[in-house]
Structures are given as C-alpha cells and as structure tokens.
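Reading the structure
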Amino acid sequence: LDVNPVAAGGGSRLVFRSGLLCVGPESAGSHPGPVCYRKQGHLAVTDANLVLGRIDPTFFPKIFGKTQDQPLDEEGARAAMAKVTEEVNEFQKAQGLAAKTVEEVALGFVKVANEAMCRPIRNLTQMRGYDVATHVLACFGGAGAQHACAIARSLGMSKVFIHRYAGILSAYGIGLSDVVHEDQAPTAKVWGTPAVAAECDELLAGLEQKAIARLVEQGLKREDISVEHYLNLRYQGTDIAVMTRRTAEDFGAAFTKEYQREFGFVLDTSIIVDDVRVRAVGHGLSVAKEGRAGGAPGAPVKTRRVYFEGGYRETPVLLAEALQPGQKLDGPAMIIQPISTVLIEPGCTCVVTDEGDLKVEVGKEEVPQDGEVKLDPVMLGIFSHRFMGIAEQMGRTLQRTSISVNIKERLDFSCALFSPDGGLVANAPHVPVHLGSMSDTVKKQIEFCGKDLQEGDVLVTNHPQLAGGSHLPDITVITPVFNAGKIVFFVASRGHHSDVGGIAPGSMPPTSRTLVQEGAAIVSFKIVKAGSFQEEGVRELLMAPAKIPGCAGCRNIRDTMSDLRAQVAANNTGIRLVGELIAEYGHPMVSKYMVFIQDTAARCVRSMLIEFAKKKGLPEVGTVVAEDWMDDGSKIHLAVTIDQRDGSAVFDFSGTGKEVYGNFNAPPSVVKSAVIYCLRCFVGEDIPLNQGCLEPVQVITPEGTLLNPSAEAAVVGGNVLTSQRLVDVVLLAFECCAASQGCMNNLTFGDETFGYYETIAGGAGAGPTWDGRGGVHTHMTNTRITDPEILERRYPVHLRRFSLRPGSGGAGAHPGGDGVVREVQFLKPVTVSILSERRAFPPYGMA
C-alpha cells in the first residue's frame, strides 16, 4: 500500500511559531485530547471548529470531563484560542500589522489544516497521472464533513459525496466488504506471441479453479463468485511492473495504455510477463436500498452563528433524518447526522439522494487579488504548503518518468523552486547536499544566460567549480517560469546519473586527480531551445570525455538521455503548478509571500543563534571553534562567530587544509549545503528550508583550500565524503550530537557498457536524549538502497549479505548507531570502486 501520512486531523495540535500558524504533526490524541474534551488537553483542530461554531455541542454526546458526563467545553476552547491569538497579535504589532480576532486565528488554523490535507491528495493523484479536478471527493470520518467543501474547493474539485454513514464509513465498509482470494504464479516470458498468450491462459485457468475452491471452502456459493485475470507486465530493462487486468483489449495494449497514463511515456522495447495472477471475489452482503418515503422537506431545527471568510453567518441547522430525497440546500447550512456534522459552506449546494446520502456541488471562491499585500500568518502557512507542494510534485513526476535505478529506485534526486534572482524558495525533503547548493547553480546560470532566456528554454549544467554544482554525476536542469513575459520563478531538478564518463564506470573514481577524469563537465547549455530538445548537442557533451586518453564517454547514454527528459518533464510540472498558483492568487501576492517565507526562515535562524550564544555564555560577539581531519590528515577548521545584537553569524573555514591532489576537494556550494542543513536542524521548528536560512550567515572559504579548490581540481569525493565531515564539524561546534559514519560509503561498479552507483548506509550519532540509529543514510544523503530483487535483476551481481554490524556504533549513555555489512558477489568481470572515509580518524563522541 502506498500510504501518505497527512498529520492534520481533529486532534492535530495548533501552535504559533515564528510568524507561522502550524498544524501538527503533533497530536493531542484521544487522551487528553483537544481542550474541549475537558481533560487539560492541547489546542487542536476540533477546538478551532468549535470556536467557529462549526460544531454544535447540543448534538454532541455528554461524555467529556473527569466524570465523562459533561458537554464539549466551548468556553475552554475559546479561552485557549484567545491565548494563541495574543501571541499572534504580538507578532502582528511588531510587524506594524492590524490585530486579529480569535475567530480569524481559528479560521486561519482550519485553512492551514485543509492545505496540509490537500498536499498528499495532490501528490498521490498527480503522481499516477490523474487530474484530481475531474474526480469526486469522497468524505468519511466524524470530522471529515466539516472540511470537505473547503478541501474540494482548494483542489479545484466541483463535487463532494458524503455517505449517510460517513462518520463510521470504514467500519461500515468492512462489514459489507467482499471476500477475496488471490493466487499467482511466476513466469518470465516475453509477451507478444500466440504461444505465450496460450501459456498464460493455461496458467490463469489453473489458478482460477484453485481460487474458486478456496472461497467455496469458506461457505460462498459459486454463483456469488466472480473472477478477474491479471498479468504483471513491465518493459524489458525496467523494474516497475504494472498489474494489468484482462479487458476486451489485448493485455499488451492495455498495459501500454496504463503505462502511458501513469508514467507519461512508453518505451520501444519488449514487454516481459513477470507473473500471472487471479483474483476471485466472493461478493459480500447486499444492502437493500434505504429509500425514503416522500414528505415535506426537512426544516431547520434552529439557526447557529457560524464563522466563515468575511464574518459570522446565521446558518440553519437541520437533522439528516428529516431531509427528503431530492431536497436541495444552499450553503451555508449545517446537517446533523447521528455520527457526524456536515458543513455546507457558502457558495455550495447540497442535494439529498434517495438513500439519504449527500451530493454537494462546490462553487468557486473568489480570491481578492488587488490592494497592498501584507504579511498574514494564515496565508504564510498556506503558501508554505503550496510552495513545498510544487517541489514535491516535481519530484513525483521525476520519479515517475525516469528509468534509471539511481533516480527511480534510489531516489537520488532533488527538486526545488527559486526566486527570480536564484534564491531558494522551497524544496521537497529530498537530498540535503543537493538542496543547499542548487541556489548557487541557478544564480550562475542567471549570470551566464539571464538576458538570453526565452519561454521554451531549458538549461543544463553540472560543473562544480564554474557553475555552482556539487560533482559531475549530479546534473541540474533549470527552467525559467514566465508570467506576462517576465521571469517570475525558476524551477530546477538535480539527479545523480549513474555514469557521465571518465576513468571509471559509475563516474565516482577513488583515484581521480583532476576534474576531467571524473566525466563530462557542462558549464551551461540549452538542453531545450525554444521548445526543441537538443539531443545531438547533449549527446556530444556527454560523450566528450572519450576524447581524453584513459577516459570514456557516458557508458549508458540511453538511460542518461531518458532521465534528462524526465528532469525536463519534472520542471514542466513545476511551471504548470506555479502558473495555477498565480492564477489563483495573483502574481503580486505570490511574489510577496515568496519573500515573506524566506524572511520567516531568516528570523528563526537569528533567534536560534542568539539562544545558542546565550546558553553557551558567549559575549555579545563570541566565537566557538571546532575541527576534524580527513583520513589523509587534511584539517577542516571552523570558527563560528555569533553577534547577539542582530542574530548574525560568520562561519569561517580559514585554517582548513590546502586543496589536495585527490578528489575530496569540496566546492563552496557543497559547504553552503552543509551549513544550511545544520542550521535547519538546529532551529527545531517546522520551517521551510530556503535561502532565508542563510540570510543571517556569512560563509568564508578561502581560495585554494580543500573547501574552495581550483576549477581543474577533482571533486567527486567532496560531495559525498567531505560534505559529511563538514556536517560533523558544524555539529561539534554547536555541541549538538556525536558524529555520524562520516561519509556516504560509495560503491560503484560496471564495465564499458554500464555503470552502477549506490551509497551504503551506516550509523548515525547519538545525542543528549537519544540513541544513534543503525543502518541508515545520514545527514547529507537521503537516498534509498536499491532493493535486492532489482539489484540482482538489473546487474550481474548476487547480494549475499546485507546486515547490521552489532556493536560497531560505540558504547555510551546513548550508544551510537551501528554500521552495516554488505557482501556482493559479481557474476562477470567488472571494475569495482569504493569511495569512503573515517578509516584513520574515528567519529567523535560527546562524552
């Protein structure tokens, strides 16, 4: 099951932090629960709905308080919301903004909660190629119907269906569910010939008899059982299989159609049948339609003041059992079901079905787009979700449309949204070493090509020193976003490609001494020019290393070209979503909140730096120092000087060792990645990681050092080894936690026809209150390890062992995380490379 946590429900806690209204992920739970439960609980979404009048205590059971016989505490919920409103208004006053009422703050929290629920819905649907706006929103759960109209409106959906038993729909559904038995059998055939089709039909027929027999044994009648046939199909050379159901179409045609819908493209290669499956369904209890006798339309039993955008509205309250088939209700209205409260918002219309269910037509909400745009904590929370949602959906598109193991399976990619000057606005939680450095990449491309960019142009780059890259395998694709003829944003995606040429397969050579030995270096190139993909030019760049003695060009040009197209597609998703956001709110508001969100991050970092300096007992302008060594003895020295007067800091790496004649030099963009990652971790609040985190900080990396090497220096290890050591040094300076494994444990292998790369997990350092985690990817890498089945299917290897190495993490009050053992047997001659660290200088502890 692909399950996405929402972390925004009735029990989600509401807090105001650093100018942001935050909903969850912490929960009040069922005990003590929200404040209104009378158990000294926490302010939660249910309290906000109660304050807004969207819950009527009259129709709630009296089961609250210590004696469990009291009604919901409306006054307590309002008092708790008033306390948070005071915090909001202190912030508003400091910003020179008007104070907010309790109701405005409560509605703001509800809006942020709704947007938090919209994000995973958008991600799950659009990842599979579905347009959510063409679907109906099905509502269930006791509180779902209070939010359904607003969520549908935000998603662009026009219809909501609310079942009469929506409050217990899960339990009701289980009771009525079908009994299912599935059987499957493996096969490994190439689809497309009558002989293979006949062989699959024979296997399916045998499985069908077995599945039916199992259901009959459970007491079902044969006439109540239906059977579905499936083939699990995939394209040769890929790992994503699609379970394809038998229809009137040929299995192959049905697979092609489904693959095109979900992934956005099809491949010109053979289709493999991995296995066959039969699904026998014993149909469950049939429910007689609960038709209602006609009668007079149900009338309101009372009216209630309910708060919506614009103020209180007198809202009729009706009982669901009194409603008649075909009765139409215009919002606002409240419908009290026995186990749920339904809120029909203004601009929406509800019709009662013959069975007593509710069909809601959702009207569009007009968003004002004129007037001066001022900072609003409510809109700040909403835009934080929307901007991050754009980056997340870009990542979903990239994963969906790529074909390489590195990007599709290991998720070694990142997507982000940038301001017109190249500042990071929002990113998805992808790979930290990418995200902090991508801003430098975008700024360099603006410097190189900014005046020459037109709609339909897309840039590609990977040069670490001259173009703000990290290392050569990380190729960045950058697309400008235009509005009214002007660039208003940039979207960018960076993916680690399994091979870009050089002296070793996988383009991660442990013995490289110069950049040219590490593969193709692209400073700036229009991969798409006026809408036309420049395939010939890109191929020439990727194969250029073959002209250098001892080097090869890209060893798997097909996969690399395909993944570059996937990156272009991911950026196009970002452009479309930014366009939708601007159409919804207007460019002035979107651009203003782009700045406001960066300002919020800067304010949080300043507060954190001042708090740390005071806790440490530093003078008004004080310094902390830390250093560590690479295995060859090169020193990384850091002095952090914090000015408590304005919350600024200087991260000075002067005293760091000189550039090395090896490959663990790290370009300045990687240093910034490590610093911004650590600052985001130190803040300890749920703020977006963006350029604002670096706004109060100056990073000094003297030229000619390990952290600011010459343009010709090898750097492939700097991104995956030195970056981790930089994080350890920053953590040591702030006395945060023990060191991690200290590198990414990079394994590459291949020959003249392919290259494979992975980062092997290790141990995370322990902290003051926690044990270190074993067998995880830490800090600057956030990738997955390749599944054993996919590894062995795609490459000539046998994975003999992959396990924790007990006791290797180090003892202590809180022990460090254990490392791992990974044993691989190669089934043909290949070139194998390991790029790793922490073999001479062990990770430090904090005892």
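Let us look at the structure shown here.

So, how was this worked out
Residues numbered from 1 in each chain as written. Predicted model: local features only at pLDDT ≥ 70, side-chain atom pairs only at ≥ 80, totals over all residues. Heavy atoms only, no water. Helix = DSSP H or I, 4+ residues; strand = E, 2+ residues; numbered from the N terminus. Contact = heavy atoms within 4.5 Å. Disulfide = S-S within 2.5 Å. Buried < 20%, exposed > 50% of the residue type's maximum accessible area, 1.4 Å probe, protein only. Pairing = 2+ DSSP bridges. Phe/Tyr/Trp six-rings, centres within 6.5 Å; stacked < 30°, edge-to-face > 60°. Lys NZ or Arg CZ within 6 Å of the ring centre and 35° of its normal. Expected span 1.5 Å × (residues − 1).

**Here we look at the side chain of Ser634**
You can see Ser634 is positioned in the loop between β23 (621-629) and β24 (635-643). With sequence-adjacent residues up to four places away left out, Ser634 is seen in contact with Asp628, Trp629, Val660, Phe664 and Leu706.

**Focus: the state of the cysteines**
For the structure shown, the criterion picks out zero disulfides. Of the cysteine sulfurs around Cys693, a residue in no disulfide, the closest is that of Cys604, at 8.0 Å. Overall, the relative accessible area of 0% leaves Cys693 in the buried class. Free of any disulfide, Cys736 has its nearest cysteine sulfur in Cys737, 4.3 Å distant.

**Notes on the pairing of strand β9 (residues 302-308)**
Looking at chain direction, β9 and strand β10 (residues 311-319) are connected through seven bridges and run antiparallel. The partner of Phe308 across the bridge, within β10, is Gly311. What sits between β9 and β10 in their antiparallel hairpin is a turn of two residues, with Gly310 showing a positive phi close to 100 degrees.

**As for the environment of Val660**
Structurally, Val660 can be placed in the loop between β25 (648-652) and α14 (668-683). Distance in space between the C-alpha atoms of Val660 and Glu115 is 49 Å, their sequence separation being 545 residues. Those residues in contact with Val660, other than ones at most four positions away along the chain, are Asp632, Ser634, Asn665 and Leu706.

**Quick notes on the packing of aromatic side chains**
With the rule as written, the count across this model stands at 23 aromatic pairs. Sitting over the ring of Tyr312, Arg305 keeps its end group 3.9 Å from the ring centre. Its guanidinium or amino end placed over the ring of Phe533, Arg565 lies 4.7 Å from that ring's centre, counting from NZ or CZ.

**Here's the deal with helix α6 (residues 194-217)**
Since one α-helical turn is 3.6 residues long, residues separated by three or four positions face the same way. For α6, built from 24 residues, the straight-helix expectation of 34 Å at 1.5 Å per residue is met to within 8% by its first-to-last C-alpha distance of 35 Å. Structurally, α6 contributes buried residues whose contacts are with β5 (179-190), β6 (225-235) and β8 (271-282). Residue Gly219 follows α6 closely and has a positive phi angle near 100 degrees.

**So, the pairing of strand β19 (residues 474-483)**
Where burial is concerned, most of β19 is hidden: eight out of the 10 residues are buried. The pairing of strand β18 (residues 458-461) with β19 spans three bridges and is classified as antiparallel. Bridge pairing in β19 links Thr461 to Thr476. Hairpin connection of β19 to strand β20 (residues 486-496): two residues between the antiparallel strands, including Ala484 at a positive phi of 55 degrees.

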